[in-house]
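These are the residues of each chain, in order.
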Amino acid sequence: MASIGKIARRTFLVGTAAIAGGVVFGVYKLNQDPPNPLKPGEGEWPLNAFVVITTDGVTVICPKSEFGQGVHSTWAALVAEELDVDWQQIRVVHSPAALAYYNAGLFGMALPGLDYRRGPVAEGIAAFMGKAAKLLDLDVTGGSSSIRDGYTRLRIAGATARETLKLALSRETGTPVSQMTTEGGHVVLGDGTRVSYATIAPLAADVDPPRVGLRDPSTWRYLGRDMPRLDMVAKVTGTAEFGIDVRLEGMKYATVHMSPRRGKMVGFDKSKAQSMPGVERIIDLGDGFAVVASNTWLAFKAAEAVEPEWGPAPYPADTASLWAKVAEGFDAEPHVVARDEGNADRTQDGTEVIAEYRAPYLAHTTMEPMNATALFKDGKLTVWAGVQTMAITRDNCAAALGIAAEDVTVIVPFLGGGFGRRATPDYVVQAARIAKEMAGTPIKLTWTREEDVARDHFRPAAMARMRGVVRDGKAVLYDAHVASASITLDAMEASGGGAPMKDKELVGGMHDQPYAIPNFRVAAYRTFTGVPTASWRSVGASYGGFFFDTFIDEMAHAAGADPLAFRLDLIRPEHEPSAKLLETVAEMSGWGSALPQGTAQGVAFTYSFGTPVAQVIQVSQRGSGIGIDKVWIACDPGVALDPRNIEAQMFGGCLYGLSAAVMGEITFADGRAEQSNFWDYDALRMHNAPAFEVRILQNAIGLSGVGEPGTPPAAPALGNALFALTGTRARELPLIKTFDLIL
Amino acid sequence: MAKQITVNGQSYFIDLPDDVPLLWVLRDEVGLTGTKFGCGVAACGSCTVHIGGMAVRSCQVALADVSGPVTTIEGLGAPDTLSTLQAVWAELQVAQCGYCQSGQIMQAAELLALNATPSDADIDDAMQGNLCRCGTYPRIRAAIHEAARRMGEGV
């Protein structure tokens, strides 16, 4: 029996054909479902693009990459809630690349105006806008958009499948649908007879899926509960298959050294390496080389023995020159003024606060280094790779090999971390190119950690020039100017595209903050350093959250106000759910009560990806340095589908932000990143990570994601706590440059 | 040079150069991929296995130096025969991406074998060589305490 995994691969063709055949979509296409790309094998009955009934349960098709955020499990719960299947009967399989799996959630966020002011009407527009993603075949897992995308769609898929099964059984038996209920993967008739879905599914193929309503949340049994993650047992037994674990018959192992200066390889001497044990091929890739061997480590060793000559970097060669280039961004007119209320140019009476901030380049350092497995055979390519976008991976591989997109199959195993890095599939294209050179032989490409750092696409460096005025304890002017790279426009332009659009993500975590300040401007200036950049957990808000909130803290201090009360006064008139979060963390942390000598707390708040998050961090002076004791987090995703998983995302997101805030920095010399591995690009560990307490509120309108919003408030909350402890204000990250933090 | 090694109670005859690290013997030759490559320089702990019951970074142990029976995460317990530690790990929903978790669990297993009731400070000392970028530390700590409690009760 063919497994649905294999089916997913085989039927990949359908999705791409739909695109090729539909270059110009009519508007009607917006409301039409793309064809179901699943072609079943024996014992498998797909009822729609997301639900496949099998002989032993239900397979849920998930187009979202699983990299720890738990999306496979919540995706399954959305289906199960309507379909009435037991949790043990569910299996989740990653989807093929196909039009049916467009991400409506991501596009839905790209609305004009301020996200936090959205109401039910704007939600409707967002849903409509989201459908535009279908036209672009946009399947990115990112932007904390997965559940926003799947929340309604998946419940409809489950409900439609359920009602289709009932209709099929009704047609067969004559029993009216109204006398049927469903439970545990069975349709139950009035007399108690139970008929399994697998029995009915073969009869359902030609049943027209009916229109369905969705169950009231008050009746939910899976959603809103702590569900055991479906990937958990595999992940505690070493049996979960990550990209790096793919094993194929006759496979060879490869590694690459690409120019650490991101330019060309002028030449290379492979004579020593060629005769080393296990080495099969050394391949010139133009801007680097690949070694193919019989074992990954033998490939690593041989690659070290190759002597390449690297051309110059296409960007300023050292950190100081790069900062000068970033600052040049301010010389031009703003790329976009993302918020402009009142008159930020008018002189205001009061106390003026002026500050300049910097946030450095950062690497992602997912625990699983970049890798991909590829097989090129009979003019067709199959790649197995942990990626955050199947469509771009497919198209980039096809372009690199000069073959048609429909001749590329992308299979996505588990990802050992993503954080935005795996939305750039450069490593998959490399594997594809090596596989083409070794046609017929499966090739597993594994990067060393050193390659992973050197050839990362970095979180861009950013600089902020801030001016504020406080009067009578309140902010009357907030004027922020930020220079950084536009990750999205850079990527579009690099691939020969481009659009006359403005990228507000450049000031993510800044313009969209619910603060009632009468004169409020946030201006973005685009920089062009030439350093390859990419989204990094929370994108613009990863630095914007630090800039915005730290400056609020500075203004609170200038106003002589309590930092939390100062925020609360400004936020309450704009967004009540956010105000409640501040009150909640105040209560959780005992804000304002007396603390032991040498202990202090800082607060921060960021609204990002639709989810407001408040954090209080407590630090203390210890014998060995300053330690981070505890973090209290309150968040509001509107609807909490899996509280325990949301808690994990909140403290995990915070820790990712804290690691960078404490010690994260990529510097450049001689055109190369100076860091290379965890010994010089480390992160928080068991001994210096704080304790956490998380509370989830559900007052916000709609439903929003949780993968990223925990990250932005981490750096400012820590910096503000350190200010409270020491009286020193750090305006530059990482904080280890200013404070004696425990490493 | 060829060498015989024992992994999870099974004997393997490995024909690779002496200096190939155990990590790459396990992953590419034996085919046990539960042990992960993270850094190659003993800085992350993802490749932690036991040799003769002691936790070691398999990326730093040359094939020629494998001096005792090797236990990997697959040898600790399979999905239908979870060890207490793995069962607690799953129950507390510790893993996120899961990539570092084999190493974390193998390190924690050694800790509990040496110290049946580890304090927070003991956990800090034993576990700080194991990096997790998802930030699962709070639940790892909770899982070690809970596993210690159950193992102490003989559960």
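The structure displayed is predicted, hence computed values, not measured ones.

S.K.: So what about the confidence of the model for chain A? Which residues, and what values?
M.R.: Of all residues in chain A, 92% attain a pLDDT of 70 or more, and the chain-wide mean is 92. This model gives residues 1-31 of chain A a pLDDT under 50, and the stretch forms 58 contacts once residues within four places in sequence are excluded.

S.K.: Kindly report on the environment of A:Gly705, identifying the contributing residues and their values.
M.R.: Residue and element names in this part refer to chain A. Looking at where Gly705 falls in the secondary structure, it is placed in the loop between strand 27 (691-696) and helix 20 (714-726). A relative accessible area of 7% means that Gly705 is categorised as buried. Taking the C-alpha atoms as reference, Gly705 lies 8.1 Å from Gly143; in sequence the two are 562 residues apart. Look past the residues within four positions of Gly705 in its chain and what remains in contact with it is Ser144, Phe609 and Thr611.

S.K.: Which residues make up the interface of chain A and chain B, and what values do they have?
M.R.: Tallying the contact residues gives 61 residues for chain A and 58 residues for chain B. For the pairing of chain A and chain B, the buried interface totals around 4,700 Å² over both sides, and the portion due to carbon and sulfur atoms is 62%. Across the contact surface, chain A and chain B share three salt bridges. In this structure, the salt-bridge partner of B:Arg139 is A:Glu647, at a minimum N-O distance of 2.6 Å. The interface formed by chain A and chain B includes 27 residue pairs in polar contact (both at pLDDT 80 or more).

S.K.: Can you lay out the sheet that holds strand 19 (residues 462-471) of chain A for me, pointing to particular residues and giving the numbers?
M.R.: All names here are of chain A. Reading across the sheet, the five strands line up as 13-21-20-19-14 and stay open at both edges, with mixed pairing between neighbours. In this open sheet, the two edge strands, each paired with only one partner strand, are strand 13 (336-341) and strand 14 (351-359). If you compare each strand with its neighbour and ignore which way they point, the axes differ by 10 degrees on average. As paired strands, strand 19 and strand 20 (residues 474-484) are joined by nine bridges and run antiparallel to one another. Looking across to strand 20, one finds that Gly468 is bridged to Tyr478.

S.K.: If you had to explain the domain arrangement of chain A to someone new, which residues and values would you point to?
M.R.: All names here are of chain A. Domain annotation for chain A reports domain 1 (4-228), domain 2 (243-312 + 370-446) and domain 3 (332-362 + 458-737). Domain 1 puts 18 residues into the contact, and the matching count from domain 2 is 16 residues. Buried surface at the junction of domain 1 and domain 2, both sides included, amounts to about 1,500 Å², of which 62% is carbon and sulfur. At the surface where domain 1 touches domain 2, the tally comes to zero salt bridges. In this assembly, domain 1 and domain 2 are joined by six residue pairs in polar contact (both at pLDDT 80 or more). With four residues, helix 2 (residues 12-20) is the single largest residue contributor to the side of domain 1 that touches domain 2. Class assignment for the residues of the side of domain 1 that touches domain 2 results in eight nonpolar, six polar and four charged.

S.K.: Kindly report on the state of the cysteines, identifying the contributing residues and their values.
M.R.: Applying the stated rule across the entire model yields zero disulfides over all chains. The closest cysteine sulfur to the non-disulfide-bonded A:Cys62 is located on B:Cys97, 16 Å from its own sulfur. Since its relative accessible area comes to 0%, A:Cys62 is described here as buried.

S.K.: Break down the pattern of salt bridges for me, with residues and values.
M.R.: All names here are of chain A. Counted by the stated rule, this structure contains 60 salt bridges over all chains. A salt bridge links Arg421 to Asp456; the nearest nitrogen and oxygen atoms lie 3.0 Å apart. One end of the pair, Arg421, is in the loop between strand 17 (408-411) and helix 13 (426-437); the other, Asp456, is in the loop between helix 14 (449-454) and strand 19, and 35 residues separate them in sequence. As far as the burial class goes, Arg421 and Asp456 line up, both buried. Through salt bridges that share partners, Glu81, Glu82, Asp84, Arg162, Glu163, Lys166, Arg215 and Arg221 make up one connected network.

S.K.: Any details on the sheet that holds strand 11 (residues 288-293) of chain A? Residues and values, ideally.
M.R.: All names here are of chain A. Reading across the sheet, the seven strands line up as 10-11-8-18-15-16-17 and stay open at both edges, with mixed pairing between neighbours. Looking at which strands have only one partner, the edges of the open sheet turn out to be strand 10 (279-284) and strand 17. In this sheet, adjacent strand axes meet at a mean angle of 20 degrees when their direction is disregarded. Of the strand pairs in this sheet, strand 8 (residues 252-258) and strand 18 (residues 443-446) are connected by three bridges, and their pairing is parallel. Paired with Ala254 across the strands is Leu445, a residue of strand 18. In this fold helix 12 (residues 390-401) packs onto strand 15 (371-377), strand 16 (380-384) and strand 17, with an angle of close to 140 degrees to the strand it touches most, strand 17. Helix-sheet contacts for helix 13 involve strand 8, strand 10, strand 11, strand 15, strand 16 and strand 18, and the interaxial angle to strand 15 is about 35 degrees.

Cut-offs applied
Residues numbered from 1 in each chain as written. Chains lettered and ligands numbered in written order. Predicted model: local features only at pLDDT ≥ 70, side-chain atom pairs only at ≥ 80, totals over all residues. Heavy atoms only, no water. pLDDT = per-residue confidence, 0-100. Contact = heavy atoms within 4.5 Å. Helix = DSSP H or I, 4+ residues; strand = E, 2+ residues; numbered from the N terminus. Buried < 20%, exposed > 50% of the residue type's maximum accessible area, 1.4 Å probe, protein only. Buried area = accessible area lost by both parts, 1.4 Å probe. Salt bridge = Lys/Arg side-chain N within 4 Å of Asp/Glu carboxyl O. Polar contact = N/O pair within 3.5 Å; in protein donor to acceptor, adjacent residues only side chain to side chain. Pairing = 2+ DSSP bridges. Axes fitted to C-alpha atoms, helices over the stretch in contact; angles between N-to-C directions. Domains from an automatic or database assignment. Nonpolar A, V, L, I, M, F, W, Y, C, P; charged D, E, K, R; others polar. Disulfide = S-S within 2.5 Å.

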